[in-house]
Amino acid sequence: MSHDSSFNISEVIQQHVKNRSTQLAISIPRKWDDKSILLSDDLSFSDLGEMVGSLVAGLKDNGIKANDRVILLFPVSSPMIALMIAIFSIGAVPTFIDPGMGFKKAMKAMKAAEAVAIVTIPKIVRMKWLFNALRKLKCFSYTPDSEKPLGSLQADFSGPWPILSSSGDREGIVTFTSGTSGLPKAANRTLSILQQQHHALSSVWVPKEGEVSMTCFPVSSLFYICHGATCILPAVDMKNPGQVNGNLVHQQMKDYSVSSLFGAPAFLEKLMDSIGVHEEKHPLETIVTGGAPTPYRLVDKIQELYPSGNNLVIYGSTEAEPIAYSPLNAMKSSFAGKGYFVGGIVDEANVLLIRSSSELIIAPPQDYLDSLKTAPYELGELIVSGGHVVEEYLNHPEANRNTKIRTKEGTLWHRTGDLAYFDLDGGLWLVGRDKDIIRFEGHSFSPSPIEAEIDLVSGVMRSAIISGEYKPVLFLELHANQEKEILVNIESILTRNKLNCEIKVIEKIPVDNRHNSKINRVQLKELLK
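Here's a quick rundown of the structure. Residue numbers run consecutively from 1 along every chain, following the written order of its sequence. It should be noted that, the model being predicted, local features are given only for residues of pLDDT at least 70 and side-chain atom pairs only at 80 or more, the latter also being counted only at that level, while totals for whole chains, interfaces and linings use all residues. With hydrogens and water stripped out, all remaining heavy atoms of the structure feed into the side-chain values.

**Describing the overall build of the protein**
To keep it simple, the criterion reads: Counting from the N terminus, the helices are DSSP H or I runs at least four residues long and the strands are E runs at least two residues long. Atoms counted for the radius of gyration: C-alpha only. Globule rule: 2.2 Å times the number of residues to the power 0.38. Categorising residues by exposure relies on relative accessible area from a 1.4 Å probe, with only protein chains included: less than 20% of the type maximum marks a residue as buried, more than 50% marks it as exposed, and the intermediate range marks it as partly exposed. Exposure was quantified through the Shrake-Rupley algorithm and a 1.4 Å probe, taking into account, for residues, occlusion by the shown protein chains and nothing else. His residues and chain termini do not enter the charge count, which takes Lys and Arg as positive and Asp and Glu as negative. In plain terms, the charge of a residue is placed at NZ if it is Lys, CZ if Arg, CG if Asp and CD if Glu.
A count of helices and strands for the protein gives 16 helices and 25 strands. Taking 24 Å as the expected radius of gyration for a compact globule of 529 residues, we find that the protein reaches 23 Å, a close match to that expectation. Overall, the protein is about 70 × 60 × 50 Å in size when its C-alpha atoms are taken along their principal axes. Relative to its full complement of 529 residues, the protein shows a buried share of 56%. Roughly 23600 Å² of accessible area belongs to the protein as shown, and the carbon and sulfur atoms make up 49% of that amount. If you average the places of the 53 positive and of the 59 negative side-chain charges in the protein, the two averages end up 6 Å apart.

**Brief notes about the sheet that holds strand 24 (residues 473-478)**
Under the convention used in this document: Note on pairing: DSSP must find at least two bridges between two strands before they are called paired. The axes are straight lines fitted to the C-alpha atoms, using for helices just the contacting stretch, and the angles between their N-to-C directions are given from 0 to 180°.
Ordered by their spatial adjacency, three strands build an open sheet running 23-24-25, and the pairing between neighbours is mixed. At either end of the open sheet lies a strand with only one pairing partner, and these are strand 23 (460-466) and strand 25 (502-505). Across the sheet, the mean angle separating the axes of adjacent strands is 20° when strand polarity is ignored. In the sheet, strand 23 pairs with strand 24 via six bridges, with the strands oriented antiparallel. The residue of strand 24 that forms the bridge with R462 is E477.

**A closer look at the pairing of strand 23**
Counting buried positions along strand 23 yields six of seven residues, so the element is predominantly enclosed. Where strand 23 folds back on strand 24, the antiparallel hairpin that results is connected by six residues.

**Comments concerning the state of the cysteines**
For clarity, the threshold we go by: What counts as a disulfide here is a pair of cysteine sulfur atoms lying within 2.5 Å.
One pass over the full model with this rule turns up zero disulfides. Counting only cysteine sulfurs, C231 is the nearest neighbor of C216, a cysteine outside any disulfide, at a range of 11 Å. By relative accessible area, which is 6% here, C216 ends up buried. For C231, a relative accessible area of 0% puts it in the buried group.

**A word on the packing of aromatic side chains**
The line we're drawing: In this scheme Phe, Tyr and Trp rings, the latter by its six-membered ring, pair at centre separations within 6.5 Å, and the angle between planes marks the pair as stacked below 30 degrees, edge-to-face above 60, and tilted otherwise. Whether a charge sits over a ring depends on NZ of Lys or CZ of Arg being within 6 Å of the ring centre and within 35 degrees of the ring normal.
Taken as a whole and assessed by the stated rule, the structure comprises 14 aromatic pairs. With a centroid separation of 6.1 Å and an interplanar angle of 70°, the aromatic rings of F335 and F341 are classed as edge-to-face. Linked through ring pairs, Y296, F335, Y340, F341, Y377, Y421 and W429 together constitute an aromatic cluster. Just above the ring of Y393 sits the side chain of K404; from NZ or CZ to the centre is 5.0 Å.

**Let's talk about the sheet that holds strand 6 (residues 138-141)**
For sheets, the rule is that strands pair by backbone hydrogen bonds, running either parallel or antiparallel. We count it as follows: Contacts are assigned to residue pairs with any non-hydrogen atoms lying within 4.5 Å of each other.
If you walk across this open sheet you meet the six strands as 6-5-3-4-7-8, and the pairing is mixed. At either end of the open sheet lies a strand with only one pairing partner, and these are strand 6 and strand 8 (185-190). Averaged over all adjacent pairs, the angle separating strand axes in this sheet is 20°, with direction ignored. Where strand 4 (residues 93-97) and strand 7 (residues 171-177) come together, three bridges link them in parallel fashion. Each bridged residue has a counterpart across the sheet, and for I97 the counterpart in strand 7 is F176. Where helix 3 (residues 78-89) meets the sheet, it contacts strand 3 (69-73), strand 4, strand 5 (117-120) and strand 7, and its direction lies at approximately 135° from that of strand 4. Sheet contacts for helix 7 (residues 191-204): strand 7 and strand 8; angle to strand 8, the most-contacted strand, approximately 75°.

**A look at the packing of helix 10 (residues 265-276) against helix 11 (residues 296-305)**
Which entries qualify depends on this criterion: Oblique is the label for every angle not falling under 35 degrees (roughly parallel), over 145 degrees (roughly antiparallel), or within 65 to 115 degrees (roughly perpendicular). Note on convention: the crossing is left-handed when the near helix lies turned anticlockwise from the far helix by less than a right angle, right-handed when the turn is clockwise. Residues were grouped as follows: Ala, Val, Leu, Ile, Met, Phe, Trp, Tyr, Cys and Pro as nonpolar; Asp, Glu, Lys and Arg as charged; and all remaining residues, including Gly, as polar.
At a minimum axis distance of 10 Å, the contact between helix 10 and helix 11 shows a crossing angle of 40°. Considered as vectors, helix 10 and helix 11 are oriented oblique to each other. Judged by the sense of rotation from one axis to the other, the crossing of helix 10 with helix 11 is left-handed. Contacts between helix 10 and helix 11 involve P265, L268, E269, M272, D273, I275 and G276 from the first element and R297, L298, K301, I302 and L305 from the second. Tallied by class, the residues present in the contact of helix 10 with helix 11 amount to seven nonpolar, one polar and four charged.

**Remarks on the layout of surface pockets**
Selection criterion: The distinction between a cavity and a pocket rests on a 1 Å grid over the protein atoms alone: a 1.4 Å probe fits inside a cavity but cannot get out, while a pocket stays open yet meets protein on both sides within 12 Å along at least five of seven lines, and a residue with an atom within 4 Å of a point counts as lining. Grid points are joined across faces, edges and corners, and a volume is the space filled by probe spheres set on the points.
Size it by volume and the second largest pocket reaches roughly 320 Å³. Looking at the second largest pocket, it is lined by 18 residues, and the ones nearest its centre are L379, V431, I437, F445 and S446. In terms of residue class, the lining of the second largest pocket is built from eight nonpolar, six polar and four charged.

**Considerations on helix 10**
Given 3.6 residues to a turn, an α-helix orients residues that are three or four positions apart in the same direction. What counts here: Here a helix's expected span is defined as the number of its residues, less one, multiplied by 1.5 Å.
When the terminal C-alpha atoms of helix 10 are compared, their 16 Å separation across 12 residues agrees well with the 16 Å that a helix rising 1.5 Å per residue should span. Most of helix 10 is tucked away, with nine of its 12 residues classed as buried. For helix 10, every residue scored as buried is listed here: P265, A266, F267, L268, E269, L271, M272, S274 and I275.

**Comments concerning the packing of helix 2 (residues 45-61) against helix 3**
In the contact formed by helix 2 and helix 3, the axes pass within 8 Å of each other and the chain directions differ by 55°. Overall, the two elements helix 2 and helix 3 adopt an arrangement that is oblique. The crossing of helix 2 and helix 3 is right-handed. Here L48, M51, V52, L55, V56 and L59 of helix 2 lie close against helix 3, whose contacting residues are S78, P79, A82, L83, I85, A86, I87 and S89. The residue inventory of the contact of helix 2 with helix 3, partitioned by class, reads 12 nonpolar, two polar and no charged.

**Thoughts on the nonpolar core**
Applied cut-off: For our purposes a nonpolar core is just a set of buried Ala, Val, Leu, Ile, Met, Phe, Trp, Tyr and Cys residues, chained together by side-chain atoms within 4.5 Å.
With 108 residues, the main nonpolar core has L72, W205 and M272 as its most contacted residues. For this core, the element with the highest residue contribution is helix 3, accounting for nine residues. With residues up to four places along the chain from it excluded, the contact list for L72 reads M80, L83, M84, I87, P94, T95, F96, I97 and V119. Judged by nonpolar contacts, the second largest core, of 22 residues, contains V93, M101, A113 and A133.

Put into structure tokens, the structure is as follows:
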């Protein structure tokens, strides 16, 4: 697909509805057991077009118009994808609230969203009159056999659905995630930013028209559909992708002839473990991992199973996706201890590594930021600018003040909070988060590279180092019974890094709710209290 500034998601999908009507557009499992998928939502491009058209008509009949925010808070399904496209088409704004933030924060997010409608689970619809955040909203349930079902948001319609032409600075998608201050953060991805994100991701790899792709990132289904590919979501609880039944999903890949795979590290690792024990593994042309640092042992597993594949790691965030990428065959387990190699910067992004202790002034000249740049192999905080970078969090001045830098010349830089360095070839290496730096006995270090080394020890599932009361504490999650031998190998790594840690073996190290791949260090600190 060409880099077209007039790219419009709804128009592109409508063309595929016309030209690829019988091709499967999306498949989302609804019910399964340990051995097979029992029920799934399968929509051809023609089916998808009919559903979008009926939703466009229904949204208008219910008084929902351009610039209105519509909250989507229900399990991922084909109707959710169709509803997103319909909301785009009328110029309204799909608004997502991370269910992992908990009920109280979700209610704060609903209030802050200033939406006109919500499509959600029946329980929330029934609770409408109990909460101020819900009372003014038009509430619809995503299930058919409930009060105000999704069918009441549909109306008779035939032919190509109407698409409102909108300027690039209009809101495209609003996404609420948990904020550290108690107030959820709402990332505002304008239409222009969505377009630029699509182009930036397409510069890394492009699914072929007619290709069958699987992803555990539901929103990325639009990326595949826009490219005329078939998108398959795996049979897994999307709130817990790290607990995937690898044998079941491997069979699903065979049943749908999946040729490319995009997933979070925790999801991919369990899947690769299952594929590895099969005599006849399903062939894949492309495997892409992202959403969290990719363990080197996962890199080794993927390369061992699919050595000739176009396998990639992508680094980015909600605010800037993507930032960098690397072929997996450029990543070696011998790199562990140096950080996570994520390759070269995408053409659409400008990246600076600035000294993390630097004092930043308001509206600095660009020359000032440039003067803070680190030298090769010198650690710095990663800031990024570009047309695909989210410029603001809605109604959250504290988050904007802490993460956004607007230069005197008008360039917007986003502070990722990630620590990194460049090598002499311009390759980017991540070494953790600035907030996770451990200071002990006059020294400071990032735990991430040491954790990467420890995670390569046979029998270690996951490791995490945090500050303790008297010295750093190393938490270990093991999946073998040879604890004594494992600890001997780990002690040698700690000794080599001149690190004295208290070691605690626990049943499960807490991880993030979205991808099950990032360590939740806040919860670990609670365990020490």
